[in-house]
Amino acid sequence: MENKKAGPNSIGEYIALFPEETQKILQELRAAIKAAAPGAQEKISYQMPAFAQKGILVYFAAWKNHIGFYPTSSGTQAFKQELSAYKNSKGSVKFPLDKPLPLDLISNIVRFRVAEI
């Protein structure tokens, strides 16, 4: 029996599943993560885009009204003050689709995760 994996096989395929405006936001996020962690590899894990470098650095996902960003609990804890303007919980942050992404903050969190791993 052939084993078929459901869902996208790459971050590009994942992004292509969304409306054009959401695709633009996801591409911005992808570029910011790549710039902050140039040695990281893109992958799909748990059917979400992820960047890995000796372990998972961050995940992200698009939802109806927000972009979910998942830098693990250490990532959200280290930037608790800066993330207070956004809905967040242990290991996750919700960035509203109708507001610009805080790309500098995202880059800082990614760099923190690279140093941590």
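Structure first, text after, so check above.
Residues numbered from 1 in each chain as written. Predicted model: local features only at pLDDT ≥ 70, side-chain atom pairs only at ≥ 80, totals over all residues. Heavy atoms only, no water.

Chemist: How would you sum up the sheet that holds strand β5 (residues 87-89)? Please name residues and give values.
Modeler: Here six strands make up an open sheet; going across it, the order is β1-β2-β3-β4-β6-β5 and the pairing antiparallel. The outermost strands of the open sheet, each flanked by one partner alone, are β1 (41-45) and β5. When strand polarity is set aside, the average angle formed by the axes of neighbouring strands in this sheet is 20°. Pairing analysis gives three bridges linking strand β2 (residues 48-52) to strand β3 (residues 56-62), with the strands arranged antiparallel. Bridging across to β3, Phe 51 finds its partner in Val 58. Its contacts with the sheet put helix α2 (residues 20-36) on β1, β2, β3 and β4 (66-70), and the angle it makes with β3 is roughly 170°. (Pairing = 2+ DSSP bridges. Helix = DSSP H or I, 4+ residues; strand = E, 2+ residues; numbered from the N terminus. Axes fitted to C-alpha atoms, helices over the stretch in contact; angles between N-to-C directions. Contact = heavy atoms within 4.5 Å.)

Chemist: So what's going on with the pairing of β2? Which residues, and what values?
Modeler: Counting buried positions along β2 yields five of five residues, so the element is predominantly enclosed. Here β2 shows two buried faces, one formed by Met 48, Ala 50 and Ala 52 and the other by Pro 49 and Phe 51. Sheet topology note: the β1/β2 ladder contains five bridges and is antiparallel. Pairing of Ser 45 across the sheet is with Met 48, part of β2. Remark: three residues form the turn of the hairpin made by β2 and β3, two consecutive strands paired antiparallel; Lys 54 in that turn has positive phi of roughly 60°. (Buried < 20%, exposed > 50% of the residue type's maximum accessible area, 1.4 Å probe, protein only.)

Chemist: Tell me about the packing of aromatic side chains, and name the residues and values.
Modeler: Under the definition given, this model contains six aromatic pairs. Aromatic pair Tyr 46 and Tyr 59: ring centres 6.2 Å apart, planes at 55°, arrangement tilted. Of this pair, Tyr 46 sits in the loop between β1 and β2 while Tyr 59 sits in strand β3, and the two are 13 residues apart along the sequence. Seen from their ring centres, Tyr 86 and Phe 95 are 5.0 Å apart, and the 80° between their planes marks the pair as edge-to-face. Taken together, the ring pairs in this structure connect Phe 69, Tyr 86 and Phe 95 into an aromatic cluster. (Phe/Tyr/Trp six-rings, centres within 6.5 Å; stacked < 30°, edge-to-face > 60°.)

Chemist: Tell me about the pattern of salt bridges, and name the residues and values.
Modeler: A full pass over the atoms with the stated rule returns five salt bridges. We note a salt bridge from Glu 20 to Lys 24, for which the minimum N-O separation is 4.0 Å. With a gap of four residues between them, Glu 20 and Lys 24 both fall in helix α2, about one helical turn apart. Of the charged contacts in the structure, one is a salt bridge between Lys 34 and Glu 42, with a shortest N-O distance of 3.6 Å. On the basis of relative accessible area, Lys 34 is assigned to the partly exposed category, the value being 41%. Three or more residues are tied together by salt bridges with common partners; here these are Glu 20, Glu 21 and Lys 24. (Salt bridge = Lys/Arg side-chain N within 4 Å of Asp/Glu carboxyl O.)

Bear in mind that shape data such as this cannot, by itself, settle questions of function.
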